[in-house]
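Here's the letter readout for the chains.
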Amino acid sequence: SLLAPALLVSQSQLHWFWLCYFIMGLAEGPSYPTTGSMLSKWIPSEERGAATSIVDTGSSVASMLTFALAPILATRFGWRFAFRFFGSISLFICLLWALRAANRPSEDRLCTAEERR
């Protein structure tokens, strides 16, 4: 999303825009299976159904908010701002995840001994 405004300078560059979105779609494909794997390592089995529901609902709510907010941002500030806004949020979450996430509770330095079991 951050690259979209730069890639859409003219109609002759539209293919780069679609290529980036195709690659982004390929990269997003594994997100649900990897989320399930992550939850299986972090959440006790008796709580996993609720955790999966929360994650899936959060994803759907985020999509709904994006679809509702994007036209408002584009109308008020221009379409480039809408792409930059959502791209910046995505980049921030990605950086936060890269700095903070651990594969298992045993690898997380902030987990207590009780949480690691």
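Please refer to the structure higher up on the page.
The structure contained in this document is the topic of the report that follows. (Residues numbered from 1 in each chain as written. Predicted model: local features only at pLDDT ≥ 70, side-chain atom pairs only at ≥ 80, totals over all residues. Heavy atoms only, no water.)

**Overview of the overall build of the protein**
Scanning the protein from N- to C-terminus turns up six helices and zero strands. Beginning at the N terminus, the succession of helices and strands in the protein can be written as α-α-α-α-α-α. Counting the 117 residues in the protein, one finds 14% classified as buried. Accessible surface, the protein: about 8900 Å² in total, of which carbon and sulfur atoms supply 68%. (Helix = DSSP H or I, 4+ residues; strand = E, 2+ residues; numbered from the N terminus. Buried < 20%, exposed > 50% of the residue type's maximum accessible area, 1.4 Å probe, protein only. Areas by Shrake-Rupley, 256 points an atom, 1.4 Å probe, with all protein chains shown as cover.)

**Regarding helix α4 (residues 48–77)**
Compared with an ideal rise of 1.5 Å per residue, which puts 30 residues at 44 Å, α4 spans 41 Å between its outermost C-alpha atoms and is within 8% of the ideal. At Leu69, α4 is bent by approximately 30°, the largest bend along its length, and proline Pro71 sits one to four residues beyond. Among the residues trailing α4, Gly78 stands out with phi positive, at a value near 100°. (Expected span 1.5 Å × (residues − 1). Bend = angle between axes of the 7 residues up to and from the residue.)

**Comments concerning the side chain of Asp108**
Looking at the secondary structure, you find Asp108 in the loop between α5 (79–100) and α6 (113–116). Taking the relative accessible area as the measure of exposure, Asp108 reaches 6% and is therefore buried. Engagement of the side chain of Asp108 in a polar contact is seen with the side chain of Arg100, the distance being 3.0 Å. Discounting residues that sit within four places of it in the chain, Asp108 has contacts with Trp42, Arg100, Ala102 and Arg116. (Polar contact = N/O pair within 3.5 Å; in protein donor to acceptor, adjacent residues only side chain to side chain. Contact = heavy atoms within 4.5 Å.)

**Some thoughts on the pattern of salt bridges**
According to the stated counting rule, one finds two salt bridges in the structure shown. A salt bridge links Arg100 to Asp108; its shortest N-O distance comes to 3.0 Å. Judged by relative accessible area, which is 33%, Arg100 ranks as partly exposed. The salt bridge partner of Arg104 is Glu107, with a shortest N-O separation of 3.8 Å. (Salt bridge = Lys/Arg side-chain N within 4 Å of Asp/Glu carboxyl O.)

**Comments concerning the packing of aromatic side chains**
Aromatic ring pairs: the centre-centre distance and the angle between the two ring planes describe each pair. On inspection of all chains with the given rule, the structure shows four aromatic pairs. Relative to Phe81, the ring of Phe77 lies with its centre 4.9 Å away and its plane at 50°, an arrangement referred to as tilted. Classification of Phe77 as exposed rests on a relative accessible area of 54%. Ring centres of Phe85 and Phe86 lie 5.1 Å apart, and the angle between their planes is 80°; this geometry places the pair in the edge-to-face category. Among the residues examined, Phe85 registers a relative accessible area of 29% and is labelled partly exposed. A relative accessible area of 16% places Phe86 in the buried class. (Phe/Tyr/Trp six-rings, centres within 6.5 Å; stacked < 30°, edge-to-face > 60°.)

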